[in-house]
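# Topology and contacts: notes
As a plain string of letters, each chain reads:
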Amino acid sequence: MAVVNIDQDFMLRVEDALDQIRPYLEADGGNVKVLEVTEDMILKLELLGACGSCPMSAMTLKAGVEQSVLKAVPEIKAVEAVNVTAVL
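Everything in this summary refers to the structure shown in the same document. (Residues numbered from 1 in each chain as written. Predicted model: local features only at pLDDT ≥ 70, side-chain atom pairs only at ≥ 80, totals over all residues. Heavy atoms only, no water.)

## What about helix H1 (residues 8-27)?
For clarity, the cut-off: Strands here mean DSSP runs of E at least two residues long; helices mean DSSP runs of H or I at least four residues long; both are numbered from the N terminus. Helices are assigned an expected span. That span is 1.5 Å times one less than the residue count. For a residue, the bend is simply the angle between two axes, fitted respectively to the seven-residue segment ending there and the seven-residue segment starting there. A 1.4 Å probe rolled over the protein chains alone gives each residue an accessible area, and that area as a share of the maximum for its type sets the label: buried under 20%, exposed over 50%, partly exposed in between.
Between the first and last C-alpha of H1 there are 28 Å, a value that for 20 residues agrees with the 28 Å anticipated at 1.5 Å per step. The sharpest bend along H1 comes to roughly 45 degrees, located at Ile21, with the proline Pro23 sitting one to four residues further on. Of the residues making up H1, those classed as buried are Phe10, Met11, Val14, Ala17, Leu18, Ile21, Arg22 and Leu25. One or two steps after H1, the chain reaches Gly29, where phi turns positive at roughly 85 degrees.

Dropping the structure here:
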């Protein structure tokens, strides 16, 4: 995990925020994995399982995962998934 100037407490808050949304992702056969926090405070995730190929994953990322993280960890500016394909 490539994390820039991030302490363990910070990452625990990120994981706690993700744990709030994980049951919903897991119910549909998916999950998320933290890959890195960039210097610009962008949280990069990998969507796992069904989330990686679901056509609704971009919406789930923004409406569910990102909102949960931003509420719990306001230092994070945005959440991005490295394996989301845009839905037109």
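## A look at the environment of Val79
Keep this limit in mind: Should any heavy atoms of two residues lie within 4.5 Å, those residues are counted as being in contact.
Looking at where Val79 falls in the secondary structure, it is placed in strand S4 (residues 78-81). Taking the relative accessible area as the measure of exposure, Val79 reaches 0% and is therefore buried. Between the alpha carbons of Val79 and Leu43 there is a distance of 4.7 Å; along the sequence they are 36 residues apart. Discounting chain neighbours no more than four positions away, the residues touching Val79 are Leu43, Leu45, Leu61, Lys62, Val65, Glu66 and Val69.

## A look at the pattern of salt bridges
Definition in use: Take a side-chain nitrogen of Lys or Arg and a carboxyl oxygen of Asp or Glu: if they are within 4 Å of each other, that pair is a salt bridge.
Here the structure, examined in full by the defined rule, presents five salt bridges. Between Arg22 and Glu15 there is a salt bridge; the shortest N-O distance is 3.1 Å. By relative accessible area, which is 12% here, Arg22 ends up buried. Across the salt bridge formed by Lys44 and Glu80, the nearest N and O atoms sit 3.7 Å from each other. Here the residue Lys44 occupies a position in strand S3 (residues 42-49), and Glu80 occupies one in strand S4, the gap between them amounting to 36 residues. Via salt bridges that share partners, Glu15, Asp19 and Arg22 belong to a single interconnected network.

## Observations concerning the pairing of S3
As a reminder, the rule being used: DSSP-based pairing: two strands are paired if at least 2 bridges between them are found.
As judged from the seven bridges shared by strand S2 (residues 30-37) and S3, these two strands associate in the antiparallel manner. Each bridged residue has a counterpart across the sheet, and for Glu36 the counterpart in S3 is Lys44. Taking the residues between adjacent antiparallel strands as the criterion, S2 and S3 are bridged by four residues, where Met41 takes a positive phi near 65 degrees. Taken together, the four bridges between S3 and S4 define a ladder with parallel strand orientation. When the sheet's bridge partners are listed, Ile42 is paired in S4 with Ala78.

## Topic: helix H2 (residues 57-72)
Compared with an ideal rise of 1.5 Å per residue, which puts 16 residues at 22 Å, H2 spans 21 Å between its outermost C-alpha atoms and is within 8% of the ideal. Where H2 bends most, at Glu66, the angle is about 35 degrees. The inward-facing, buried residues of H2 contact H1, S3 and S4.

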